[in-house]
Amino acid sequence: MGSYFSDDTVNKSQELTKKWEDEVAHSVVQSPDQKSRWSTVSDLEIKQLYTPEDIKDADFARDIGAPGEFPYLRGNQPTGYRGRYWTFRMFSGMGSAADTNARWHMLLREGQTGLSTAFDFPTLMGYDTDSPNARGECGRCGVAIDTLDDFLTLVDKIPLDKVTTSMTINPPASVLWAMYCAAADKKGVPLSKIGGTIQNDMLKEFIAQKTFMCPPEPSVRIISDTVEFGTKYVPKWNTISISGYHIREAGSTAVQELAFTLRDGIEYVEDAIRRKGMDVDSFAPRLSFFFNSHIDFFEEICKMRAARRIWAHVMKERFHAKNPRSWWLRFHTQTAGCSLTAQQPYNNVVRTAIEALAGVLGGTQSLHTNSLDEVLALPSEHSVQIALRTQQIIAEETGVANTIDPLAGSYFIESLTNKMEEEAWKYITKIDEMGGMIAAIDKGFPQLEIADAAYRFQKQIDHNEKVMVGVNKYVTSEEQPIPILQIDEKVEQEQLKRLADIKRRRDSRAVSTDLNDLKNACTTGKNVMPYCIKAVKDMATLQEICDVYREAFGEYRDPGLF
Amino acid sequence: MAERRIRIMVAKPGLDGHDRGARILARAFRDAGYEVIYTGCHQTPEQIAAAAVQEDVDLVGLSCLSGAHGYLFPRVVELLKEKGAEDITVIGGGIIPDQDFQKLYDAGIKAIFTPGATLDSILDWIKNNLKPRE
């Protein structure tokens, strides 16, 4: 029942393919294959030709189906992009809160439809600008936020009930989200009206991105606190964005990105159910995902399609979710930073356009396109405008949004989607057998799998087995430098002054009471969120709150696996 | 007497967690026959200098992609000097704009490798320029 092709078609295909193979055997003498092995950028082997035979075991109704229907291979929404384009959500942040606020307003003027914050390293790691660990880092890789005062500057004149904001923040996610909630409160916007996403995905930090504070177990506990708080009080907020992006940037293959990300997702769902006793359908619809769109066009499209189908099965069969919204995998996409080259940087515009197109054909809900200069520095205003225009051209000029999941049914696309799903399940099962993701991380399993893949790829580049244009092929000797954005050293001085001023002005007794209350919540298992919100309103700093976590839960140190 | 094997420390100063390059290099050095120590992420210049002296390394390779190299790299060289270990060669890499190179060379960084540098080019540089410490 429901097979993709009739036996007759498969037989006919076999016959024709056989004939074709014989012809190829003759012509191969004149033009032999350029390579002995053809593979994706992740090294997945690709056949010369795909035919109906490659998907003869697929069941149309079960495996492909219609958009908006289980298993959502063809998208969550029955109407695709015809109802609404994906959200144009450019990742930005640099210098001070005022600098970043200005960039946000510029992007909104240019047609961006959602906000996304990049924080600097001290903020990401839970340190204030005046920490000795923060020297030289202030405002360099994103915006510096120490207190609610900075946060209010960041969201100045941003209508928090209308624009959704994504915050790329992990160890201190509860603190930054508390600032968002407190800022909404100050602006008179109820928590039920604010929408956005905190990345809040710690497992991938241990696996790949390496911004961490506390060990994995208590880190996941704080995440479950945010999931519980969001479910009760901030219903439009995505409390976790389960992220493969950084796993891929750290050098994983597409299959590893798919498998480790979804297995991380399983871990969060299990923890919220076990620790908080929550009903899966009460919070699963607000889980979101984040994938990398790398340069290998079809591999990326198939990865995203496979992700939706795997997650639908996980939610329905493993967690017995009943609400169809719990079965959806909604995701943001960012084009691959690691695919960009410092050499001939204008080529990056082309790479980004192709990667963005893959994200769209993969059915992303939200997209960030990298700027051509991001391999060298934070993007300039001019380069970020080109990157945003890239999305707008794809949406409004190319016609790819005219129909839903236009590549479905292709022998190659469906076969590669199946292959990626199959390979991802192998990893998921293996991690299950290890006792889950935290146990796997303790063993260094995902870390070393990624290190292997990254090293293999670098060797392929060094030996010209894979091509990076401008790096190991078509190299030019004379290159014109491009203008890049520099962060003034004054940013750090001014931030230090503002922080000192806040510390002088605030009621320090209230702050120490708040921090004490938070510490008690940590040790007694109470939800930390209300205590965080109270503390940030009294101008406790980011680091002061994070120090409470460090004290209560201990600090994690990079084991330095390679 | 067997010749002492050259010891290399790969270090990640500052708060930056982009360790892909550092880990690839650590493997490449190991495969090339060097003894390799990798610090892991989030090391202060003080921790790096102390570990380099303690481990008696011949070379420290610093990797930073956060833009804080201007402070962090020279600080490591300065601290090594304070510890009487100025003969430890220090090289650096990561996202480092061309215009910052001279300042880093002046501060005592011996070589800088940025995106696109091949593993072989880095290994060649070490073969041609690294003198084991006495």
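Residues numbered from 1 in each chain as written. Chains lettered and ligands numbered in written order. Predicted model: local features only at pLDDT ≥ 70, side-chain atom pairs only at ≥ 80, totals over all residues. Heavy atoms only, no water.

A. A look at the sheet that holds strand β3 (residues 165–168) of chain A. Residue and element names in this part refer to chain A. Pairing is parallel across the open sheet formed by 9 strands, whose spatial order is β5-β4-β3-β2-β1-β9-β8-β7-β6. Each having just a single partner strand, β5 (237–238) and β6 (240–243) make up the two edges of the open sheet. Here strand β8 (residues 331–335) runs beside strand β9 (residues 366–368); their pairing, made up of 3 bridges, is parallel. Bridging across to β9, Q334 finds its partner in H368. Sitting on the sheet, helix α16 (residues 381–396) touches β1 (87–92) and β9, and the angle it makes with β1 is about 165°. (Pairing = 2+ DSSP bridges. Helix = DSSP H or I, 4+ residues; strand = E, 2+ residues; numbered from the N terminus. Contact = heavy atoms within 4.5 Å. Axes fitted to C-alpha atoms, helices over the stretch in contact; angles between N-to-C directions.)

B. Quick look at the pairing of strand β1 (residues 7–11) of chain B. Residues and elements named next belong to chain B. Burial analysis of β1 places 5 of its 5 residues in the buried class, which makes it a mostly covered element. Alternating residues of β1 divide into R7, M9 and A11 and I8 and V10, and every residue in both groups is buried. Examined bridge by bridge, β1 and strand β2 (residues 35–38) share 4 bridges and lie parallel to one another. For V10, the partnering residue across the bridge sits in β2 and is Y38. After leaving β1, the chain enters helix α1 (residues 20–31) and then returns to the sheet as β2, a path that is right-handed. Of the strand pairs in this sheet, β1 and strand β3 (residues 59–64) are connected by 4 bridges, and their pairing is parallel. Along β3, the bridge assignment pairs A11 with L62. (Buried < 20%, exposed > 50% of the residue type's maximum accessible area, 1.4 Å probe, protein only. Right-handed = clockwise from strand over helix to strand, strands pointing away.)

C. Local environment of empty space enclosed by the protein. All names here are of chain A. Within the structure shown, the criterion is met by 5 cavities of 30 Å³ or more. The space that makes up the largest cavity amounts to roughly 140 Å³. Lining the largest cavity are 14 residues, and of these V41, S42, G251, S252 and F457 lie nearest its centre. When residues in the lining of the largest cavity are grouped by element, the largest group, 4 residues, is from helix α19 (residues 445–462). Across the lining of the largest cavity, the residue classes break down as 4 nonpolar, 6 polar and 4 charged. (1 Å grid on protein atoms, 1.4 Å probe; cavity = no way out; pocket = protein on both sides within 12 Å on 5 of 7 lines; lining within 4 Å. Points joined across faces, edges and corners; volume = space filled by probe spheres on them. Nonpolar A, V, L, I, M, F, W, Y, C, P; charged D, E, K, R; others polar.)

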